[in-house]
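Here is how the chains run, residue by residue.
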Amino acid sequence: MRAPWAIIVGSALLTTACGGEPDGGPPDADPGVGVASTPTRAMADDGRYISWREHIVDDPAIGGEAIAGSDGLAMADLDGDGYMDIVSVHESDVEYDGVPDGHIRVAFGSADPDAWDLTTLSSGAEAAAPEDVAIADLNGDGFLDIVAACELAHLIYFQNPGTDIRATEAWPRLIPPVTNGRGSYIRAFIADLTGDGQPEVMTPNKGAQSPRRDQPASAISWLEIAGDPLEPDAWIEHELTRVVWPINSEPVDLDGDGDIDIVGGSVAETRMIVFENDGAGAFTEHPMRIAGTSLTGEERPPGRRGDEDALVSGFNMDYVDLSGDGRLDIVTFEFSTLLGRSLVWLEQPESLDGEWRLHEIADYHPDEVVGIVVADVNGDGRPDVMTGGYSGGARDADLDLAVDSAAGVLVWFENDGADGWLRHEISRRRRGMFDKFIARDMDADGDVDFVTTRGNSTPYDGVLWLEQVRTGSPVASFDRARDVDSPELESFHE
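Parameters at a glance
Residues numbered from 1 in each chain as written. Predicted model: local features only at pLDDT ≥ 70, side-chain atom pairs only at ≥ 80, totals over all residues. Heavy atoms only, no water. 1 Å grid on protein atoms, 1.4 Å probe; cavity = no way out; pocket = protein on both sides within 12 Å on 5 of 7 lines; lining within 4 Å. Points joined across faces, edges and corners; volume = space filled by probe spheres on them. Helix = DSSP H or I, 4+ residues; strand = E, 2+ residues; numbered from the N terminus. Nonpolar A, V, L, I, M, F, W, Y, C, P; charged D, E, K, R; others polar. Core = buried A, V, L, I, M, F, W, Y, C linked by side-chain atoms within 4.5 Å. Buried < 20%, exposed > 50% of the residue type's maximum accessible area, 1.4 Å probe, protein only. Pairing = 2+ DSSP bridges. Axes fitted to C-alpha atoms, helices over the stretch in contact; angles between N-to-C directions.

Visitor: Got a sec to walk through empty space enclosed by the protein? Specific residues and values, please.
Guide: Counting across every chain of the model gives one cavity of 30 Å³ or more. In terms of lining, the largest cavity is formed by Thr179, Arg182, Tyr185, Thr203, Asn205, Ala219, Ser221, Leu223 and Glu237. Looking at the lining of the largest cavity, the element that brings in the most residues is strand β12 (residues 218–225), giving three residues. Of the residues that constitute the lining of the largest cavity, the class distribution is three nonpolar, four polar and two charged.

Visitor: Explain the nonpolar core residue by residue, including any values.
Guide: Counting 30 residues, the largest nonpolar core has Val331, Leu343, Ile361, Ile372, Val385 and Phe413 as its most contacted members. It is strand β23 (residues 369–375) that contributes the most residues to this core, four residues altogether.

Visitor: Could you give me a rundown of the sheet that holds strand β17 (residues 283–287), with the residues and numbers involved?
Guide: Spatially, β14-β15-β16-β17 is the arrangement adopted by the four strands of the open sheet, whose pairing is antiparallel. Each having just a single partner strand, β14 (246–252) and β17 make up the two edges of the open sheet. Averaged over neighbouring strand pairs, the angle between their axes works out to 20° when direction is ignored. In the sheet, strand β16 (residues 271–277) pairs with β17 via five bridges, with the strands oriented antiparallel. Within β17, the position partnered with asparagine 277 by the bridge is phenylalanine 283.

Visitor: Lay out the sheet that holds strand β3 (residues 85–90) with the relevant residues and their values.
Guide: Strand order in the open sheet formed by four strands is β2-β3-β4-β5, with antiparallel pairing between adjacent strands. Of all the strands in the sheet, just β2 (70–76) and β5 (117–123) have a single pairing partner and so form its edges. Each strand axis lies, on average, 20° off the axis of its neighbour in the sheet, ignoring direction. Where strand β4 (residues 103–108) lies against β5, six bridges are found, and the strand directions are antiparallel. Counted as the bridge partner of histidine 103 is serine 123 from β5.

Read these as layout, nothing more, since geometry by itself doesn't imply function.
Structure (structure tokens):
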């Protein structure tokens, strides 16, 4: 998904179906300069050095579909063959043009993590600028179904047919009327909120594809499915709250009581909210009171420079107990009107009505963190954080960005076990956005890899996985998949 504060510079016609370079792109890119070619200093717990190798799962050249604007993804074994499949969503544009088109793609997995059967589940108006996707068995037939959130402007449900599953036109589908034409859906999650074994759908509606801070409040909701999900009247909306520019509605058992709570957030109101579940789907709203900030002075918006409020919205989050008190904490980021942001974690208090304390993990300036996932990267038993950043340049051309510009970055932060974090930069390209990561050992070699989407990089948008490579001596930090790609920038921090 596009960060709402992104700088958009220029556009070009899509020429990706043939793998061509759009106007403004270089005829070639030198892989010998920038962050990717810098020898890695990251080390695993076994004493070997950590670097990363890129593997392309789906892009216009491989899949033959002019996908662009790649955003959310989810993984599950859709066809029951024992191998994980990937469902990904692609807005299919390089700017917000209001045209309701897009692609929802499926990559069916195999024993070889580099062999995928690619197909389009949905395209055109029913896949209207899809932003996010979730997978679960919604009709109770034992087969996993799919729900996607579309910015223009609905949810769409796909029912797994159980047979001929790779013939994706066989999947029955429904745009629930209660969601049709309703503002702009930005996220989709599925969890059993009521404890009855029937999953529900959680979603925030940001109000418009290009929202404003002064627009009317819109809903964070959960959708009950009373009966067959293909029946229009089966979908019943329950509003949790209305805020200006809602951005999230993540299900998680935050208080550890065995039921699923929801964490939401508002961009315009710069705040986060916990909806505490009573175990039966009734929720108590707890505005998060956050003490501290990592941004000071001119790092803060002009109207906020005299205060010390946390600048958080819950745009992207992950959950882990970093304090060691048995309670889940939240890893997220603070943002400002400048390009610089910071990666932070919020320490959960004893009571959800208590004060959350903000701790800085790292200054991300001049890059802009978007994607976040917690995983033990180096195998030392401590949670680390993999992140992806958003380029401030064009989405379809390589501008001559200065080293202090926001780039399309991949960075992981090593937890040193002593309240410190070590920055390990992987790649820093002129264009790109890495919105979501799934931590998984793709090659079954015992270390964690990451599946992600790369957006805002036409013609390089798509789905990829990052293989963790361990060597006895330092090698280049990043081995990219393509000979020609967006050029690398040097590190701002070294």
